[in-house]
Amino acid sequence: MQRRAFLLTVSAAALSGSLWQEAAMAAAGASPYGPLGPADANGVALPSGFTSRIVARSGRPVGGLLWHPAPDGGACFPDGTGWIYVSNSEIPLAGGASAIRFAADGSITRAYRILSGTNLNCAGGATPWGTWLSCEEIFRGKVYETDPYGARPAQPRNAMGRFKHEAAACDPDHRVVYLTEDEQDGCFYRFRPTTWGELSSGRLEVLCEGPVWREVPDPTPGVLQRQTRHQVSQALHFDGGEGCHYAGGVCYFTAKGDRKVWAYDARTGTLGSIYGGGGTLDGVDNITGTRAGDLYVAEDGGNMEINIITPDGVVAPVLRLDGHSRSEITGPAFSPDGFRLYFSSQRGTSGETAGTGGITYEVTGPFRR
């Protein structure tokens, strides 16, 4: 389990892209952090030199707030000399999102709600202008733009489509937001705002055969109307779209049903996958990355690991949770300085979704930055 095969599958159209030429030459190897040791007192197995702590538990006080059930997608934001970690709550009707504020030394100073009264808030994405997009994973769900600093009320962004949203990733180079859809025949979308930095209006497009982008005729269909993923006949479909991360001209997204990590190269307009689903990385779900070019993929199920995918093709675990077989790992995000990784076990060791099972962790160590 400490050494993973790197599997590459690409479409014929993708073979000319530089991303794929580089990836095709990649060789499998050991983790850059070394093997995992035995689980620590928090039940986290880590490489040598790394430590963990629990920062919040569902239903228990943290920074003056009762931490929400079922913590899911998350992101970090700079806050003066400190930072803020935002986390969604994937429960019905009372989902929303909360934030924890950290001082420069890592101590918790305050926690507060930034979104309330929404439904099954799963993943989302940070924007370059410092907001958090919280996505509802329900039939005709919405995207809500929220303020991690708690100063402004959340706003629904209906123009970004009404469907079973999972994650979002902003592409400041091409001024679009990529969106995944958690359906067995889900689609991969991009939203082109009328004005970059303002998400109240714009054009929703779906990735189609070619690959090319085509406009979705009706981004906000009624309950009995044709849903977005079925409106364009040439649309490509992905089995269970999950996490989404943009870096260096490429949008990486996962599809749990296919067990693949897909990659759309926006520079060349090509589509391929950097992990083909044939290895032992199971339940690919939330994904994030670092300035060093490493990707970190959380498992929903499997043996409850977060795995690294390096630019040279290594796929290997960087941590594992023991005793969480009825949970999933969610919300991986690095602090702005890159030294701390935050994530949650959505249902913890108890397996309870709506109760007190959720646990949010921090791992500190010599991460490649």
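Residues numbered from 1 in each chain as written. Predicted model: local features only at pLDDT ≥ 70, side-chain atom pairs only at ≥ 80, totals over all residues. Heavy atoms only, no water.

In the nomenclature of an unreviewed UniProt entry, the chain corresponds to DUF839 domain-containing protein from the organism Nonomuraea recticatena.

A. Representation of the layout of surface pockets in the model. For the largest pocket, the calculated volume is near 970 Å³. For the largest pocket, the lining is made up of 40 residues, of which Cys76, Ala126, His245, Thr288 and Gly289 are closest to its centre. Residue assignment for the lining of the largest pocket shows that the elements contributing at least two residues are strand 6 (71-79), strand 10 (121-126), strand 14 (165-171), strand 19 (241-247), strand 23 (284-289) and strand 27 (329-334). Broken down by element, the residue count for the lining of the largest pocket peaks at six residues, all from strand 6. Of the residues assigned to the lining of the largest pocket, the class counts are 21 nonpolar, 15 polar and four charged. (1 Å grid on protein atoms, 1.4 Å probe; cavity = no way out; pocket = protein on both sides within 12 Å on 5 of 7 lines; lining within 4 Å. Points joined across faces, edges and corners; volume = space filled by probe spheres on them. Helix = DSSP H or I, 4+ residues; strand = E, 2+ residues; numbered from the N terminus. Nonpolar A, V, L, I, M, F, W, Y, C, P; charged D, E, K, R; others polar.)

B. Highlighting the environment of Gln227. With respect to the helices, strands and loops of the structure, Gln227 is situated in the loop between strand 18 (212-215) and strand 19. Not counting residues up to four positions away in its chain, the partners in contact with Gln227 are Phe139, Arg140, Arg162, Pro221 and Gly222. Among the polar contacts listed, one links the side chain of Gln227 to the backbone oxygen of Gly222, at a separation of 3.2 Å. (Contact = heavy atoms within 4.5 Å. Polar contact = N/O pair within 3.5 Å; in protein donor to acceptor, adjacent residues only side chain to side chain.)

C. Quick peek at the sheet that holds strand 6. Ordered by their spatial adjacency, four strands build an open sheet running 6-7-8-9, and the pairing between neighbours is antiparallel. Unpaired on one side and paired on the other, strand 6 and strand 9 (108-115) mark the two borders of the sheet. Recorded for the sheet is a direction-independent mean angle of 20° between the axes of neighbouring strands. (Pairing = 2+ DSSP bridges. Axes fitted to C-alpha atoms, helices over the stretch in contact; angles between N-to-C directions.)

D. Expanded view of empty space enclosed by the protein. Evaluated as defined, the whole model comprises two cavities of 30 Å³ or more. For the largest cavity, the calculated volume is near 40 Å³. Grouping the amino acids of the lining of the largest cavity by side-chain chemistry returns three nonpolar, one polar and five charged. For the second largest cavity, the calculated volume is near 30 Å³. Tyr33, Leu46, Phe50, Val318, Leu319, Val363 and Phe367 are the residues that line the second largest cavity. When the residues that make up the lining of the second largest cavity are grouped by side-chain class, the tally is seven nonpolar, no polar and no charged.

E. Local environment of the pairing of strand 15 (residues 176-181). Burial analysis of strand 15 places six of its six residues in the buried class, which makes it a mostly covered element. Here strand 15 shows two buried faces, one formed by Val176, Tyr178 and Thr180 and the other by Val177, Leu179 and Glu181. The sheet contact formed by strand 14 and strand 15 spans five bridges and is antiparallel. Bridge pairing links Asp171 to Val176 in strand 15. Where strand 14 folds back onto strand 15 in an antiparallel hairpin, the turn is made up of four residues, including Arg175, whose phi is positive at roughly 55°. (Buried < 20%, exposed > 50% of the residue type's maximum accessible area, 1.4 Å probe, protein only.)

F. Quick peek at the environment of Trp213. Relative to the helices and strands, Trp213 resides in strand 18. For Trp213, a relative accessible area of 14% gives the class buried. For the pair formed by Trp213 and Gln234, sequence separation is 21 residues and the distance between their alpha carbons is 9.7 Å. Residues in contact with Trp213, not counting those within four places in the same chain, are Tyr178, Phe188, Tyr189, Arg190, Glu205, Val206, Leu207 and Tyr264. Of note is the side chain of Trp213, whose polar atom sits 2.9 Å from the side chain of Tyr264.

G. Examining the sheet that holds strand 12 (residues 143-146) more closely. Spatially, 10-11-12-13 is the arrangement adopted by the four strands of the open sheet, whose pairing is antiparallel. Both outer strands of the open sheet, strand 10 and strand 13 (155-156), are each paired with one neighbouring strand and no more. Pairing of strand 10 with strand 11 (residues 132-136) involves four bridges; the strand directions are antiparallel. Across the sheet, the residue bridging to Gly124 is Ser134, located in strand 11.

H. Quick look at the environment of Gly96. Mapping Gly96 onto the fold places it in the loop between strand 7 (82-89) and strand 8 (97-102). Beyond its immediate sequence surroundings of up to four residues, Gly96 is in contact with Asn88, Ser89, Arg113, Leu115, Ser116, Thr118 and Asn121.

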